[in-house]
Amino acid sequence: MATDSSLSGAAVISAIKAAGIEYIVSVPDIVTSDGLLWPIARDPELQHIRVCKEDEGVSICVALGYCGRRSLLLIQNTGFLDSINAIRAIAVEYENPLCMMVGLQGKEADVLPTQSNKVSVRIVEPMLDVMGIEHHLLQTTSSAEAIVPAVDAAYQEDHPVCFVLGQSPGE
Amino acid sequence: MSDMKRMKRDAALKIIAEHVDDSLVVAAYQAAFEWIIIRPSDCNLIATGAMGLVSSHGLGLAIGRPDRKVIVFDGDGSLLMNLGSLVTVGEVEPKNFYHFVCNNGVYEANGSHPTPGSDKIDFAGLASAAGYASTDMFDDLDDLSARIPDVLSRQGPVFVDFRVERGESYPQDYGYMHGAEHRAAFKAALRAS
């Protein structure tokens, strides 16, 4: 049962669907495995595309966008950092919609990402800021309300957006 | 660079262009600059941003538009940066996906230094092992003319080791490649058909 301090995976998935997203492109991440990725993989309403590396997913999502299809790239912070050049070129410079959801592997509980002792966690949001990418911290279930308007804006205004998971989603 | 037999790239692309109708074509670097002159069309996409990602763009298009053939002109150096995409294509099994790797054995846009393993690597073998439905190899223009209709009529994913070398010189319009006008035209073409 979700509480005010928890992040409900079901609520996030519900918002993803409400945003018109049909495809989830992913590389597995322990932060999102149980609460998001396994339920998504079993969900007949979502088409799940497994990729070998995150920058493949950047291209696939943007190409789906060219076809008028909405998608979400579900990855780990390390994969996000590994894909910076693809995100920079294909989403930022080309002004394409790209919706990302990034789990923060290694983040300490009850600490803001930017306050983390882990470099790989601490630099994610500043990196997004440097690239001018709109981002939303999903910390509690109520914060999932940001998903639908942000995805709509990304596709209507042709820009990337990133949802940073402040904690591991539960049920 | 090995002494492998190769076709002039532009001559080979011209042969393929004779058999391409409304297919979506995604192309990388040198092949891209030649292709957009050989087959000018708003159905061409050459804006793939970062090296290595042309195959993944093609896969996304093939998934998003299963009603259209998607032809990818990759580079050998480019594919080496994204070998995992072969496995992803093998997993998705797009029936409308035709993946040509313009294998010239060098990084032509960056000083023509040899690509790693250029005299050893078996790209078609890698694609076959990754799950492509069929693979082929061309190093002769007459053979290409004779057999390309069959290759393009097969059910995908199809992989072709396309052994080529530089032919005639073509303008390298990076401004067009990365410009907004090109992407807008491609998107409009997809919406219209």
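Residues numbered from 1 in each chain as written. Chains lettered and ligands numbered in written order. Predicted model: local features only at pLDDT ≥ 70, side-chain atom pairs only at ≥ 80, totals over all residues.

## Concerning the overall build of chain A
For clarity, the threshold we go by: The numbering of helices and of strands both runs from the N terminus, where a helix is a DSSP run of H or I of at least 4 residues and a strand a run of E of at least 2. With C-alpha atoms as the basis for the radius of gyration, the globule rule is written as 2.2 Å multiplied by the number of residues raised to the power 0.38. Put simply, a residue is buried when 20 or more other C-beta atoms lie within 10 Å of its own C-beta and exposed when 12 or fewer do; between those, it is partly exposed, and each C-beta is set from the backbone. Here contacts are defined at the residue level, using C-beta atoms placed from the backbone and a cut-off of 7 Å between them.
A count of helices and strands for chain A gives eight helices and six strands. Traced from its N-terminal end to its C-terminal end, chain A shows the element sequence α-β-α-β-α-β-α-α-β-α-α-β-α-β. Expected size for 171 residues packed as a compact globule is a radius of gyration near 16 Å; at 14 Å, chain A falls within 12% of this value. The principal-axis extents of the C-alpha atoms in chain A amount to approximately 40 × 35 × 30 Å. Counting only residues that meet the buried cut, chain A has 50% of its 171 residues in that class. Taking the contacts inside chain A whose residues are at least 6 apart along the sequence as the reference set, 78% of them involve residues at least 24 apart.

## A short note on the sheet that holds strand E3 (residues 70-76) of chain A
Paired through their backbone hydrogen bonds, the strands of a sheet run either parallel or antiparallel. All names here are of chain A. Stated precisely, the cut-off is as follows: Here, any two strands with at least 2 DSSP bridges between them count as paired. Whenever a helix is involved, its axis is fitted only over the stretch in contact; in every case the axis is a line through C-alpha atoms, and angles between N-to-C directions fall within 0 to 180 degrees.
One open sheet accounts for six strands, arranged E2-E1-E3-E4-E6-E5; its pairing is parallel. Strands with a single pairing partner mark the edges of an open sheet, and in this sheet they are strand E2 (47-50) and strand E5 (134-138). Taking each pair of neighbouring strands and ignoring which way they run, the sheet shows an average axis angle of 20°. Bridge count for strand E1 (residues 21-26) against E3 is five bridges, and the pairing is parallel. Each residue of the ladder has a partner; that of Ser26, found in E3, is Leu74.

## Overview of unusual backbone geometry
As a rule of thumb, non-glycine residues mostly have phi less than zero, and peptide bonds are mostly trans rather than cis. Pro157 of chain B follows Gly156 of chain B through a cis peptide bond whose omega is 0°. Its location among the elements puts Pro157 of chain B in the loop between helix H7 (141-153) and strand E9 (158-165). Residue Glu95 of chain A is not a glycine yet carries a positive backbone phi of 55°. Here Glu95 of chain A lies in the loop between helix H5 (84-93) and strand E4 (98-103). Classification of Glu95 of chain A by C-beta neighbours within 10 Å gives partly exposed; the count is 13.

## A word on the packing of helix H1 (residues 9-17) of chain B against H7 of chain B
Residue and element names in this part refer to chain B. Which entries qualify depends on this criterion: Should an angle lie under 35 degrees it is considered roughly parallel, over 145 roughly antiparallel, and from 65 to 115 roughly perpendicular; all remaining angles are considered oblique. Here a crossing is taken to be left-handed if its near helix is turned anticlockwise relative to the far helix by less than a right angle, and right-handed if that turn runs clockwise. Think of it as three bins: nonpolar holds Ala, Val, Leu, Ile, Met, Phe, Trp, Tyr, Cys and Pro, charged holds Asp, Glu, Lys and Arg, and polar takes everything else, Gly as well.
Running from N to C, H1 and H7 point in directions that differ by 15°, and their axes come no closer than 10 Å. In terms of orientation, H1 and H7 fall into the roughly parallel class. Between H1 and H7 the crossing geometry is right-handed. Side by side, H1 and H7 meet where Ala11, Ala12, Ile15 and Ile16 of the first sit next to Leu141, Leu144, Ser145 and Ile148 of the second. The class makeup of the residues in the contact of H1 with H7 is seven nonpolar, one polar and no charged.

## Considering the interface of chain B and chain A
Taken together, the 25 residues of chain B in the interface contact 22 residues of chain A. Counting residues per element, the ones that place at least two in the side of chain B that touches chain A are helix H3 (54-64), helix H5 (84-92) and helix H9 (180-192) of chain B. Sort the elements by how many residues they give to the side of chain B that touches chain A and H3 of chain B lands first, with seven residues. Partitioning the side of chain B that touches chain A into residue classes produces 10 nonpolar, 10 polar and five charged.

## Points about the confidence of the model for chain B
Here is the rule: Think of pLDDT as the predictor's per-residue confidence, scored from 0 to 100.
Scored by pLDDT, chain B comes out at a mean of 94, with 99% of its residues at no less than 70. Among the prediction metrics, the complex's ipTM stands at 0.95, with pTM recorded as 0.96.

## Notes on the pairing of strand E8 (residues 134-138) of chain B
Relative to E9 of chain B, E8 of chain B is paired through five bridges, and the arrangement is parallel. Looking across to E9 of chain B, one finds that Met137 of chain B is bridged to Asp161 of chain B.

## Some thoughts on the packing of H3 of chain B against H5 of chain B
All names here are of chain B. One can describe the packing of H3 onto H5 by two numbers: an axis separation of 10 Å at closest approach and a directional angle of 15°. As far as their axial angle goes, H5 and H3 are roughly parallel. Considering how the two elements wind past one another, H3 and H5 form a crossing that is left-handed. Facing H3, whose interface residues are Ser55, Ser56, Leu59 and Ile63, H5 presents Ser85, Thr88, Val89 and Val92. Counted by class, the contact of H3 with H5 contains four nonpolar, four polar and no charged residues.

## Examining the nonpolar core
Formally: Each nonpolar core comprises buried Ala, Val, Leu, Ile, Met, Phe, Trp, Tyr and Cys residues, the members being joined through C-beta atoms within 7 Å.
Counting 107 residues, the largest nonpolar core has Leu73, Met100 and Val102 of chain A together with Ala27 and Ala32 of chain B as the members making the most contacts within it. Sorting elements by how many residues they give to this core places helix H3 (residues 54-66) of chain A first, with seven residues. Ala32 of chain B has contacts with Ala27, Ile46, Phe73 and Met177 of chain B, leaving out every residue within four places of it along the chain.

## What to know about H5 of chain B
As a reminder, the rule being used: Arc, as used here, means the arc of the directions from the helix axis to the C-beta atoms.
Those residues of H5 of chain B not exposed but buried are Ser85, Leu86, Thr88 and Val89 of chain B. Along H5 of chain B, the residues classed as buried sweep out an arc of 165° about the axis, all on the same side. As for H5 of chain B, its buried residues are in contact with H3 of chain A together with H3, strand E5 (97-103) and helix H6 (123-130) of chain B. Once H5 of chain B finishes, Glu93 of chain B follows within two positions and takes phi at roughly 55°, a positive value.

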